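Take a look at the letters that make up each chain.
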Amino acid sequence: MRSNLTFDFTVDKANKSILIKREFDAPVSMVWDAYTKSEYLDQWWAPRPWKARTKHMDFRPGGEWRYAMVGPEGEEHWAIARYRSVTPQQGFDVQDAFTDAEGTINTNMPQANWKVTFQPQGERTIVEFVITYEKLEDLEATIQMGFKEGLSMAMEQLDEKFAAGKK
Amino acid sequence: MRRDVFQAIADPTRRAIILLIAAQAMTPNAIAAHFDITRQAVSKHLQILAECELVTQAQSGREVIYELNGAKMGEVDKWLEQFRKIWEDRFTELDKVLLTIKKQRNEK
């Protein structure tokens, strides 16, 4: 992470939400495009080594983005983002869920509501996420999934850090 | 009632207790002396921390002392760090995408 760009990350268990705030070194018009156009989202949305692959995207209230997170072995996890409200260059509300390849929502997996807002900061932009889960268990499950999936490298680094801390 | 580590650390008094006994294992009375709340309230907090396995009880002579379960605290850190890391990486990728967009638009 570049230290000159602010990054806040807070898990608010009492409100079943995660708050994320990040500054980007680009004006709102560009950052907005990176968040709302699939050709850009495909380049950054999936945590590496996973890649996002868009099936279709219709960015407008009532529209949806259907995409797969594709793993290094070619495994696919399908997801849907349903846009509930859009205020161009300012923010949008979206409901996110896991689906099968046909787009049927898997109700056993956590669903979340995302409120994303964009604020100009001179030539930079601050993006704020409020991700709210219906149940506390969903928030925990999401954290645990991140824990399990494909991020062994980060895990090992943490293990080393903890091992060093215990000595 | 469901108890987990996150519930335990959601309360500021419990976080203060954790910090306190991280330095040194203590008796409930010694812990209570650091707070302006009743001994009963401190006991309740300790009970929750114990149920979440963040603290463990040990016998020291005739007294019970509470000590921090470091492994369990590490688990909390790990979960949050892991999740935070995903976002950090994601945003680093986005920084690159934004650089590309900037270049493209400047060429036009």
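(A) Quick look at the overall build of chain B. Scanning chain B from terminus to terminus reveals five helices and two strands. The order of α-helices and β-strands along chain B, N terminus first, is α-α-α-α-β-β-α. Evaluated residue by residue, chain B yields a buried proportion of 19% over its 108 residues. Counting only contacts in chain B whose residues sit at least 6 apart along the sequence, the fraction spanning at least 24 positions is 55%.

(B) Summary view of the overall build of chain A. A tally of helices and strands in chain A yields four helices and eight strands. Going from N to C terminus, chain A has its helices and strands arranged as β-β-α-α-β-β-β-β-β-β-α-α. Scored against the burial criterion, the 167 residues of chain A give a buried share of 20%. Intrachain contacts of chain A at a sequence separation of at least 6 include 34% that bridge at least 24 residues.

(C) Molecular detail of the sheet that holds strand β2 (residues 17-24) of chain A. Residue and element names in this part refer to chain A. Taken together, eight strands build an open sheet; the order of strands is β1-β2-β8-β7-β6-β5-β4-β3 and the sheet is antiparallel. With one partner strand each, in any of the chains shown, β1 (7-12) and β3 (51-57) form the two edges of the open sheet. In this sheet, neighbouring strand axes are inclined to one another by 20 degrees on average, regardless of whether the strands run parallel or antiparallel. The pairing of β2 with strand β8 (residues 124-133) spans eight bridges and is classified as antiparallel. In the strand pairing of β8, I20 is matched with F129. Packing of helix α1 (residues 28-36) onto the sheet brings it into contact with β2, β7 (112-121) and β8, and relative to β7 it is tilted by some 160 degrees.

(D) Quick look at the nonpolar core. Counting residues in hydrophobic clusters, the biggest one holds 16 residues, and the most contacted among them are A:F24, A:V31, A:A34, B:L94 and B:L98. Counting residues per element, this core draws most heavily on α1(A), which supplies four residues. Ignoring anything within four residues of it in the chain, the contact list for B:L94 reads A:F24, A:A34 and A:W44. Ranked by size, the runner-up nonpolar core spans eleven residues in total, among them B:A8, B:L46, B:L49 and B:Y66.

(E) Representation of the pairing of β1(A). Residues and elements named next belong to chain A. Pairing of β1 with β2 involves six bridges; the strand directions are antiparallel. Note that in β2 the partner of D12 across the bridge is S17. Between β1 and β2, which pair antiparallel and follow one another directly, the connecting turn spans four residues, one of which, K16, has a positive phi of 50 degrees.

(F) Region of interest: the pairing of strand β2 (residues 63-68) of chain B. Residues and elements named next belong to chain B. Sheet analysis places strand β1 (residues 55-60) next to β2, joined by six bridges and oriented antiparallel. Looking across to β2, one finds that Q57 is bridged to Y66. The antiparallel hairpin formed by β1 and β2 contains two residues in its connecting segment, where G61 sits at a positive phi of about 65 degrees.

(G) How the structure looks around helix α4 (residues 39-51) of chain B. Residues and elements named next belong to chain B. Under the 1.5 Å per step criterion, the end-to-end length of α4 is 18 Å for 13 residues, consistent within 8% with the ideal 18 Å. Turning to α4, its buried residues number three or more, namely H45, L46 and L49. Mapping the buried residues of α4 onto a view down its axis gives an arc of 100 degrees, with all of them on the same face. Of the exposed residues in α4, those oriented more than 90 degrees away from the buried face are Q40 and Q47. A positive backbone phi angle near 65 degrees is found at E53, which sits one or two residues after α4.

(H) Inspection of the confidence of the model for chain B at higher detail. For chain B, the average pLDDT comes to 83, and 85% of its residues sit at 70 or higher. Interface predicted TM-score (ipTM) for the complex: 0.75; the corresponding pTM is 0.65.

(I) Fine view of the packing of helix α2 (residues 12-23) of chain B against α4(B). Residue and element names in this part refer to chain B. Contact pair α2 / α4: the axes reach a minimum separation of 10 Å and the direction vectors enclose 75 degrees. One way to sum up the angle between α2 and α4 is to call them roughly perpendicular. Here T13, R14 and I17 of α2 lie close against α4, whose contacting residues are H45, L46, I48 and L49. Its residues assigned to classes, the contact of α2 with α4 shows four nonpolar, two polar and one charged.

(J) Representation of the environment of A:V116 in the model. Positionally, A:V116 belongs in strand β7. Sequence separation of A:V116 and A:I20 is 96 residues, and the distance between their C-alpha atoms is 9.5 Å.

(K) Representation of unusual backbone geometry. One non-glycine residue, A:Q89, adopts positive backbone phi at about 65 degrees. Structurally, A:Q89 can be placed in the loop between β5 (76-87) and β6 (91-99). On the basis of neighbour count, A:Q89 is assigned to the partly exposed category, with 14 C-beta atoms found within 10 Å. At B:E53, a residue that is not glycine, the phi angle is positive and equals roughly 65 degrees. Relative to the assigned elements, B:E53 resides in the loop between α4 and β1.

What counts as what
- Residues numbered from 1 in each chain as written.
- Chains lettered and ligands numbered in written order.
- Predicted model: local features only at pLDDT ≥ 70, side-chain atom pairs only at ≥ 80, totals over all residues.
- Helix = DSSP H or I, 4+ residues; strand = E, 2+ residues; numbered from the N terminus.
- Buried ≥ 20, exposed ≤ 12 C-beta atoms within 10 Å, placed from the backbone.
- Contact = placed C-beta atoms within 7 Å.
- Pairing = 2+ DSSP bridges.
- Axes fitted to C-alpha atoms, helices over the stretch in contact; angles between N-to-C directions.
- Core = buried A, V, L, I, M, F, W, Y, C linked by C-beta atoms within 7 Å.
- Expected span 1.5 Å × (residues − 1).
- Arc of directions from axis to C-beta.
- pLDDT = per-residue confidence, 0-100.
- Parallel < 35°, antiparallel > 145°, perpendicular 65-115°, else oblique.
- Nonpolar A, V, L, I, M, F, W, Y, C, P; charged D, E, K, R; others polar.

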